[in-house]
Amino acid sequence: MTSASRHRPPPLPTPRGPLSAAIRAALLGAPAPRNVPDDSPAYGDDLQLALYTLYELHYRGFRDVRDTLEWDSALLACRATLEDRFLTALREDVPTTGTTATAALDELQVEPTADPDGTSVSFFLRDEGTLDQLREYAALRSLYHLKEADPHAWVIPRLHGRAKAGMVAVEFDEFGAGRPDEIHAQLFADLMTDLKLETAYGHYLDAAPAEALATVNLMSLFGLHRALRGALVGHFASVEVTSSPGSRRLAEALRRVGAGPAAVRFYAEHVEADAVHEQVVRQDVVAGLLESEPELEADVVFGVRATTYLEERLAARLLGAWRQGETALRGP
């Protein structure tokens with residue numbers, strides 16, 4: 001696939017229930033839905049796909065959908081209702097009291113040498129994952145990594161001073177430090193090519209379970225709302241703190257199954273880069289934000305712990321399927 005075709009807007013996803021069907025219809029010309037059914041679970045396939053679809057209007061959009069719908073008032077009102085359902089569920093499920101941002105991040109730095117409770121995807125893939133399971137993992141992660149760092153860029157205008165300078169420094173690296181072939185989204189596309197996966201943006205959306213959609217929706221939710229800037233910084237810090245050791249294990253997993261150099265390189269790059277990024281994020285972005293806006297500390301903690309909570313839900317989905325010898329995808 002050529003670079004130009006890879007970056008074309010994807011087709012609309014297949015609905016997974018009445019809510020996502022109504023959103024699809026609205027993007028094709030029908031009236032936007034006014035109500036969210038009470039029986040639509042906050043973390044369920046139907047609501048998460050509906051929310052993901054609406055968020056994508058702010059990224060690449062969709063084939064045969066007008067760009068002007070990005071700011072359609074009826075669709076924005078519907079999105080706000082979905083966001084409220086999602087955010088309310090997260091606030092109920094994620095504790096934020098009794099700790100500080102520093103303590104919440106320190107918890108993530110306790111890096112075990114093994115995975116005794118068997119809940120870590122990167123440990124599983126390093127030690128016993130198959131090539132097919134690594135390909136599934138890459139397909140699901142492509143929903144974020146093919147737009148890596150884009151959701152976090154929305155916070156830049158909402159920061160200032162040390163926090164802004166640190167955020168821009170990390171994002172500069174994520175976007176290739178001025179070299180288009182080094183943009184991390186491009187490096188992930190190279191990984192997918194190496195693993196013989198389709199690199200078109202959004203290609204694996206229909207295959208992704210709700211747990212995978214929720215991890216990406218969380219970034220968009222935090223990024224699109226100035227009121228959640230602290231949570232976005234917490235999410236970003238959580239990613240950078242946990243990325244380096246996890247990436248090391250994934251690089252080892254890819255080497256073990258005989259993947260090519262481009263596949264290994266994506267994670268090997270993150271081992272070194274994110275070890276540096278972690279210090280910048282902790283010392284400049286988080287500390288700088290809380291120095292100027294200390295009232296946002298609980299939001300930073302919420303961002304850290306909401307990230308962990310949704311990643312643990314995704315890990316349970318993946319490992320539950322793989323240990324049964326089944327696919328973690330919604331289709332082949």
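It should be noted that the structure appears before, not after, this text.
Residues numbered from 1 in each chain as written. Predicted model: local features only at pLDDT ≥ 70, side-chain atom pairs only at ≥ 80, totals over all residues. Heavy atoms only, no water.

**Re the overall build of the protein**
For the protein, the count of helices and strands is 14 helices and zero strands. Along the protein, helices (α) and strands (β) appear in the sequence α-α-α-α-α-α-α-α-α-α-α-α-α-α when read from the amino end. What you see for the protein is a C-alpha radius of gyration of 19 Å, in line with the 20 Å of a compact globule of 332 residues. C-alpha extents for the protein along the principal axes are approximately 50 × 45 × 40 Å. (Helix = DSSP H or I, 4+ residues; strand = E, 2+ residues; numbered from the N terminus. Rg over C-alpha atoms; globule rule 2.2 N^0.38 Å.)

**Side note on the packing of helix H11 (residues 210-223) against helix H12 (residues 229-256)**
Interhelical geometry of H11 versus H12 gives an angle of 140° and a closest axis separation of 8 Å. Between H11 and H12, the crossing angle belongs to the class labelled oblique. Two packed elements cross with a definite hand, and for H11 against H12 that hand is left-handed. Together, Leu218, Met219, Phe222 and Gly223 of H11 and Ala231, Leu232 and His235 of H12 make up the contact between the two elements. (Axes fitted to C-alpha atoms, helices over the stretch in contact; angles between N-to-C directions. Parallel < 35°, antiparallel > 145°, perpendicular 65-115°, else oblique. Left-handed = near helix turned anticlockwise from the far one by under 90°. Contact = heavy atoms within 4.5 Å.)

**Notes on helix H3 (residues 45-56)**
Across its 12 residues, H3 extends 16 Å between first and last C-alpha, which sits within 8% of the 16 Å expected from 1.5 Å per residue. The buried fraction of H3 is high, at 11 of 12 residues. When H3 is considered as a whole, its buried residues turn out to be Asp46, Leu47, Gln48, Leu49, Ala50, Leu51, Tyr52, Thr53, Leu54, Tyr55 and Glu56. Residues of H3 that are buried sit in contact with helix H2 (18-27), helix H4 (73-93), helix H7 (131-145) and H11. (Expected span 1.5 Å × (residues − 1). Buried < 20%, exposed > 50% of the residue type's maximum accessible area, 1.4 Å probe, protein only.)

**Remarks on the pattern of salt bridges**
Once the charged atoms of two side chains with opposite charge are near each other, the side chains can pair. Enumeration according to the criterion identifies 15 salt bridges in this entry. Between Arg16 and Asp45 there is a salt bridge, and its shortest N-O distance comes to 2.7 Å. Of this pair, Arg16 sits in the loop between helix H1 (3-6) and H2 while Asp45 is found in helix H3, placing the two residues 29 residues apart along the sequence. Accessibility expressed as a relative area gives 14% for Arg16, which makes it buried. You can call Asp45 partly exposed: its relative accessible area is 26%. A salt bridge links Glu291 to Arg162; the nearest nitrogen and oxygen atoms lie 3.3 Å apart. You can see Glu291 sitting in helix H13 (residues 261-292) and its partner Arg162 sitting in helix H9 (residues 161-174), a full 129 residues away along the chain. With a relative accessible area of 60%, Glu291 lands in the exposed category. By relative accessible area, Arg162 is classed as partly exposed at 35%. Beyond isolated ion pairs, a larger network of salt bridges with shared partners links Arg179, Asp181, Glu182 and Arg265. (Salt bridge = Lys/Arg side-chain N within 4 Å of Asp/Glu carboxyl O.)

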